[in-house]
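# Coordinate inspection notes
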There are 2 protein chains.
Amino acid sequence: MKIKIKKIDYLPARQVTFSKRRRGIFKKAGELSILCESEVAVIIFSQTGKLFDFSSSRYQYNTPPPFHTKDVIARYNSHIGGEKSDQPTIHQLQLEKENNIRLRKELEDKSCKLRQMKGVDLEDLDLDELQKLEKLVEASLGRVIQTKEEKIMSEVMALEKKGAELIEANNQLSHRMVMYPRGDIGPEAILELENLNNIGEESVTSESTTNVTTCSNSSLSLEDDCSDILSLKLG
Amino acid sequence: MKIKIKKIDYLPARQVTFSKRRRGIFKKAGELSILCESEVAVIIFSQTGKLFDFSSSRYQYNTPPPFHTKDVIARYNSHIGGEKSDQPTIHQLQLEKENNIRLRKELEDKSCKLRQMKGVDLEDLDLDELQKLEKLVEASLGRVIQTKEEKIMSEVMALEKKGAELIEANNQLSHRMVMYPRGDIGPEAILELENLNNIGEESVTSESTTNVTTCSNSSLSLEDDCSDILSLKLG
DNA sequence: TCTACTATAATTAGGGG
DNA sequence: CCCCCTAATTATAGTAG
């Protein structure tokens, strides 16, 4: 009656063999776990996709098998996966969630402060807090204006320097015109000169008008600009 | 030679039995998978914690065992765990991490904006951005001052109302004094009078102090009006 | 830990209920 | 799916190397 280890073609016989041998393996697994105090899990999927599983723990803890098979699997994962096992994942998830909560709180706090700095949602502040806020915004305004003026000054400086350079270039070109009065300066050279002059004038004019505009416009509704400008800067 | 299924005490014998039976189970598992075309995985941990595992796939795909045992485990998880298997946990972790990154970016963004609203770290802003920021802070300052003034006014109103009530109470008491000049006001009435006066004085004093303190901190010209109004109405 | 051996225990194919 | 039975096969305890 010896059989070859190959697929049993006759379905009824295969089903019977599957049942018998499956129980045989589970029994052997249980025996091994007891005899040698080892932890054993067996997972079998029948040809039709049905699951049969065994784990030695069902004898030890007297609870339904799936959970203990899961335990063995968790141990298996932590053995071979090392860093990718179940427990650290769950622990990490917890950490990430706590982080998230903390970040949300910080974000809410920052948003609230930012709104107050923008001068909205001030209803809940008492007089003393409003006083402090006013000082803060006042000081901020001072710094902004100072920074702006410094920037304007440095740009003016730069433009003056450029102007001086242009004048120098002009002088040199005039000098060359004198040196070569019959005009062997090419058209490109003339164009270059004109461009330089235009650039200089436009720049100076634009910056200076901007400055004037600042001083004349003092109380427009600017709130919406904030996010635009700042995100522009941050982007 | 029949043995009882209980822990083998003699260590060498237990080790030999473990080795023999382990191989026996693996063999049976392999045979079952072939005979009945089923998928089998066996996981065994020895008493010393060493892992031995078998999966039927090693015959089918000719690749190292751990991966195929993992495949069987994955199938096992999707079978029984369904919603609580490995994948969702890892997916959730991914989501939380992405959330975290997003929150961190928002927080950084808000912090930067807040710093700029406070007038620090303005070096990287260009002239146009500084211009807009100035308008924004200016408008904010206006709103803060306005809110503060409104608050001050409402507190003044409250004080006026309280003062008027006190005056009225005074008048009534004086009237009663006239009505009963020989003083047949009972002790309770006297007590009531004293209480009313005390409450009134304490209230006025405290509110007024707060108000003066507030105004003295201000660079604006509100303090004189406040004091005048208070002294005028309450005095 | 492995191999070999042997006697015996355990499993199981095949059949039937 | 359960049980049975029987004969054949297989697994393994004990032992030694």
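What counts and what doesn't
Residues numbered from 1 in each chain as written. Chains lettered and ligands numbered in written order. Predicted model: local features only at pLDDT ≥ 70, side-chain atom pairs only at ≥ 80, totals over all residues. Heavy atoms only, no water. UniProt positions renumbered as here; feature names shortened; annotations may be inferred. Salt bridge = Lys/Arg side-chain N within 4 Å of Asp/Glu carboxyl O. Helix = DSSP H or I, 4+ residues; strand = E, 2+ residues; numbered from the N terminus. Buried < 20%, exposed > 50% of the residue type's maximum accessible area, 1.4 Å probe, protein only. Core = buried A, V, L, I, M, F, W, Y, C linked by side-chain atoms within 4.5 Å. Contact = heavy atoms within 4.5 Å. Phe/Tyr/Trp six-rings, centres within 6.5 Å; stacked < 30°, edge-to-face > 60°. Near = heavy atom within 4 Å. Polar contact = N/O pair within 3.5 Å; in protein donor to acceptor, adjacent residues only side chain to side chain. Nonpolar A, V, L, I, M, F, W, Y, C, P; charged D, E, K, R; others polar. Buried area = accessible area lost by both parts, 1.4 Å probe. Pairing = 2+ DSSP bridges.

Looking at an unreviewed UniProt entry, one finds chain A named Dormancy-associated MADS-box transcription factor, with Malus domestica as its source organism. Word for word, the UniProt comment on chain A under Subcellular location (unreviewed entry) is "Nucleus".

Charged atoms that come close allow side chains of opposite charge to pair. Evaluation of the coordinates by the stated rule reveals 18 salt bridges over all chains. The partner of E37 of chain B in a salt bridge is K7 of chain A, with the nearest N and O atoms 3.6 Å apart. Here K7 of chain A lies in the segment before α1 (11–35) and E37 of chain B lies in the loop between α1 (11–35) and β1 (39–45), a pairing that spans two chains. In this structure, E31 of chain B and R21 of chain A form a salt bridge, with 2.7 Å as the shortest nitrogen-oxygen distance. Of the two residues, E31 of chain B is situated in helix α1 and R21 of chain A in helix α1; the pairing between them involves two chains. Overall, E31 of chain B belongs to the buried group, its relative accessible area being 14%. By sharing partners, the salt bridges in this structure join R21 of chain A together with K27 and E31 of chain B into a single network.

Formed by 26 residues in total, the largest nonpolar core has its most connected members in V42 and I44 of chain A together with V42 and I44 of chain B. Broken down by secondary-structure element, the contributors of at least two residues to this core are α1, β1 (39–45) and β2 (51–55) of chain A together with α1, β1 and β2 (51–55) of chain B. Here I44 of chain A is in contact with F18, R22, F26, K50, L51 and F52 of chain A together with L32, S38, E39 and V40 of chain B, once residues within four sequence places are set aside. Within the second largest apolar cluster, 20 residues are counted, among which are M117 and L133 of chain A together with M117 and I145 of chain B.

Below, the discussion takes up the packing of aromatic side chains. Applying the stated criterion across every chain yields a total of four aromatic pairs over all chains. Each ring, one from F18 of chain A and one from F52 of chain A, has its centre 5.5 Å from the other, and the planes form 65 degrees; the classification is edge-to-face. Taken as a pair, F18 of chain A in helix α1 and F52 of chain A in strand β2 lie far apart in primary sequence, 34 residues in all. Classification of F52 of chain A as buried rests on a relative accessible area of 16%. When the ring of F26 of chain B is compared with that of F54 of chain B, the centres are 5.5 Å apart and the planes differ by 25 degrees; the resulting orientation is stacked. With F26 of chain B in helix α1 and F54 of chain B in strand β2, this residue pair connects regions lying 28 residues apart in the sequence.

Taken together, 13 residues are adjacent to DNA strand C, and K20, R21 and K27 of chain A together with K2 and S19 of chain B come closest. In the model, a phosphate oxygen of DNA strand C is placed 3.2 Å from a nitrogen or oxygen of the T17 of chain A side chain. One of the side-chain nitrogen or oxygen atoms of R21 of chain A is found 2.5 Å away from a phosphate oxygen of DNA strand C. Elements with a contribution of two residues or more to the surface near DNA strand C: α1 of chain A together with α1 of chain B. Per element, the largest residue contribution to the surface near DNA strand C is six residues, and it comes from α1 of chain A. Its residues assigned to classes, the surface near DNA strand C shows three nonpolar, three polar and seven charged.

Contacts between the two partners involve 105 residues from chain A and, on the opposite side, 102 residues from chain B. Taken together, the two surfaces of chain A and chain B that pack against each other cover about 10,000 Å², and 68% of this comes from carbon and sulfur. Counting every contact that joins chain A to chain B gives six salt bridges. Scanning the region where chain A abuts chain B turns up 26 residue pairs in polar contact (both at pLDDT 80 or more). Broken down by secondary-structure element, the contributors of at least two residues to the side of chain A that touches chain B are α1, β1, β2, α3 (65–80), α4 (86–117), α5 (127–179), α6 (187–216) and α7 (223–234) of chain A. In terms of residue count, α4 of chain A provides more of the side of chain A that touches chain B than any other element does, 20 residues in total. Its residues placed into classes, the side of chain A that touches chain B shows 47 nonpolar, 24 polar and 34 charged. Two elements, β1 of chain A and β1 of chain B, share seven bridges in a ladder whose sense is antiparallel. The residue bridging E39 of chain A from the neighbouring strand is F45 of chain B, located in β1 of chain B.

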